[in-house]
Amino acid sequence: MNARTEADLLLPDMHSPARLSNTQLDALEEETIFILREVAGAFERPTLLFSGGKDSLVLLKCAEKAFGSGRIPYPLLMIDTGHNFPEVTAFRDHRANELGAELIVRSVEDSMARGTVRLAHAGESRNAHQSVTLLEAIEEFRFDALIGGARRDEEKARAKERIFSHRDSFGQWQPKDQRPELWTLFNTRHAPGEHFRVFPISNWTELDVWQYIERENVELPSIYYTHKREVVERRGLLVPVTELTPPRAGEHVEVRDVRFRTVGDITTTCPVASLAADAGDVVIETLTVNVSERGATRMDDMTSEASMEKRKKDGYF
């Protein structure tokens, strides 16, 4: 799941037997900054998708370096299901305010009130319905580029994405009709009503992200690190016990030391058992995993191998 873990990347250190090299981060950061500036120069109304999660916070850190603190030239956009972890939404607001950035929040609940989103039943996850709210926000603000923190190592469908991913006038993605990206030459041509999804950290791995968080001292929501939480075991996952995800009949509730590898809608996101208390601990832990972060934590990706690709075709991130 995580590249560049060969023995030659373990460098000698005077205080410890070996340490993991992070020299690849300079090239990855440079590429990301180049792409962020390319978007600012090539599009009229771009926005940066900002959830308050680790990948979007790394992206935001690179944007600070690209343009300077308080000078990010596009607004931040959050699509809120209404079922997000409160620690994450509070941190989202804190970070946006700290940067002096414009934060636009659009809610799935507003789409439900308009009748454009209808749940099959009250307990249905709202996660997949974010696509509708996102497309409505694109139409409202006439965004022509949306910058996201998705990475190719996360999931099979995301591995198919180009860095500049074209969307048609219906917001749909066609995996068999993508444009070549040779020598970092990006085709940004689009017709009225069409837009691009841009993924500047496509080439990063989960390990790269955590090494960067450690190197740059990127602040994260507390749930990314070890804490005690009530959980139940279900289908090989640790499901958090909340009002939205109560235990089922016969399930045993226990308090475990856990952390979240990724954050999202409460109804679909699970923690993993962990004692990692800081970014350095997570780097070491990440070296040992053999399941992707979405595979280890997301209930909505377990419905079928094609579930993410179907959602992306419909306009998902």
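Calculation criteria
- Residues numbered from 1 in each chain as written.
- Predicted model: local features only at pLDDT ≥ 70, side-chain atom pairs only at ≥ 80, totals over all residues.
- Heavy atoms only, no water.
- Helix = DSSP H or I, 4+ residues; strand = E, 2+ residues; numbered from the N terminus.
- Expected span 1.5 Å × (residues − 1).
- Buried < 20%, exposed > 50% of the residue type's maximum accessible area, 1.4 Å probe, protein only.
- Arc of directions from axis to C-beta.
- Contact = heavy atoms within 4.5 Å.
- Pairing = 2+ DSSP bridges.
- Axes fitted to C-alpha atoms, helices over the stretch in contact; angles between N-to-C directions.
- Parallel < 35°, antiparallel > 145°, perpendicular 65-115°, else oblique.
- Nonpolar A, V, L, I, M, F, W, Y, C, P; charged D, E, K, R; others polar.
- Right-handed = clockwise from strand over helix to strand, strands pointing away.

Student: Help me understand helix α3 (residues 86–99), please; the structure alone is not making it clear to me.
Tutor: Because an α-helix completes one turn every 3.6 residues, residues spaced three or four positions apart along the sequence face the same direction. Given a rise of 1.5 Å per residue, 14 residues ought to cover 20 Å, and the 20 Å separating the end C-alpha atoms of α3 matches this to within 8%. For α3, the complete set of buried residues consists of Val88, Thr89, Phe91, Arg92, Arg95, Ala96 and Leu99. Here the buried residues of α3 occupy an arc of 160 degrees about the axis, which is enough to place them on one side. Exposed residues on α3 whose side chains face more than 90 degrees from its buried face are Pro86 and Asn97. On its buried face, α3 sits against α2 (54–67), β4 (76–80) and β5 (103–107). Looking at the residues trailing α3, positive phi occurs at Gly100, about 70 degrees.

Student: Could you clarify how one ought to interpret the sheet that holds strand β6 (residues 145–147) in this entry?
Tutor: Consider a sheet: its strands pair through backbone hydrogen bonds, and that pairing is either parallel or antiparallel. Taken in spatial order, the six strands line up as β5-β4-β3-β6-β8-β7 in an open sheet, and their pairing is mixed. In the strand order of this sheet, the two ends are held by β5 and β7 (164–167), each with one partner. For this sheet, the mean inter-axis angle between neighbouring strands, taken without regard to orientation, is 30 degrees. Bridge count for strand β3 (residues 46–49) against β6 is three bridges, and the pairing is parallel. Note on β6: the bridge partner recorded for Leu48 is Ile147.

Student: Help me understand the side chain of Thr188, please; the structure alone is not making it clear to me.
Tutor: Structurally, Thr188 is set in the loop between β7 and β8 (195–198). Thr188 gets classed as buried once you look at its relative accessible area, which sits at 18%. Beyond its immediate chain neighbours, meaning those up to four positions away, Thr188 contacts Ala42, Phe43, Phe164, Arg179 and Phe196.

Student: Honestly, the packing of helix α1 (residues 24–42) against helix α7 (residues 206–216) in this entry has me stumped. Any pointers?
Tutor: Two packed helices can be described by the angle between their axes and the distance between those axes. Running from N to C, α1 and α7 cross one another at 95 degrees; their axes reach a closest spacing of 11 Å. When the axis of α1 is compared with that of α7, the two are roughly perpendicular. Packed against α1, whose contacting residues are Gln24, Leu25, Asp26, Leu28 and Glu29, the element α7 presents Asp208, Gln211, Tyr212, Arg215 and Glu216 at the interface. Here the residues of the contact of α1 with α7 sort into three nonpolar, two polar and five charged.

Student: I tried to follow unusual backbone geometry on my own but got confused; where do I start?
Tutor: A positive phi is found at Thr184, a non-glycine position, where the angle reads about 55 degrees. Along the polypeptide, Thr184 turns up in the loop between β7 and β8. Even without glycine at this site, Arg235 takes up a positive phi of about 55 degrees. By the secondary structure assignment, Arg235 is in the loop between β9 (227–234) and β10 (237–240).

Student: Teacher, can you tell me more about the pairing of β5 here?
Tutor: Remark: a regular strand shows side chains that alternate across the two faces of the sheet. Sheet topology places β4 next to β5; five bridges connect them, and they run parallel. By the bridge assignment for β5, Leu77 is matched with Ile104. Regarding the hand of the β-α-β motif, the stretch spanning β4, α3 and β5 is right-handed.

Student: What am I meant to see in the packing of α1 against α2 here?
Tutor: Close contact between α1 and α2 brings their axes to 9 Å; oriented N to C, the two are set at 70 degrees. Here α1 is positioned roughly perpendicular relative to α2, judged by the angle of their axes. On α2, the residues touching Glu29, Thr32, Ile33, Leu36, Arg37 and Ala40 of α1 are Leu59, Cys62, Ala63, Lys65, Ala66 and Phe67. Here the contact of α1 with α2 is built from residues that sort into eight nonpolar, one polar and three charged.

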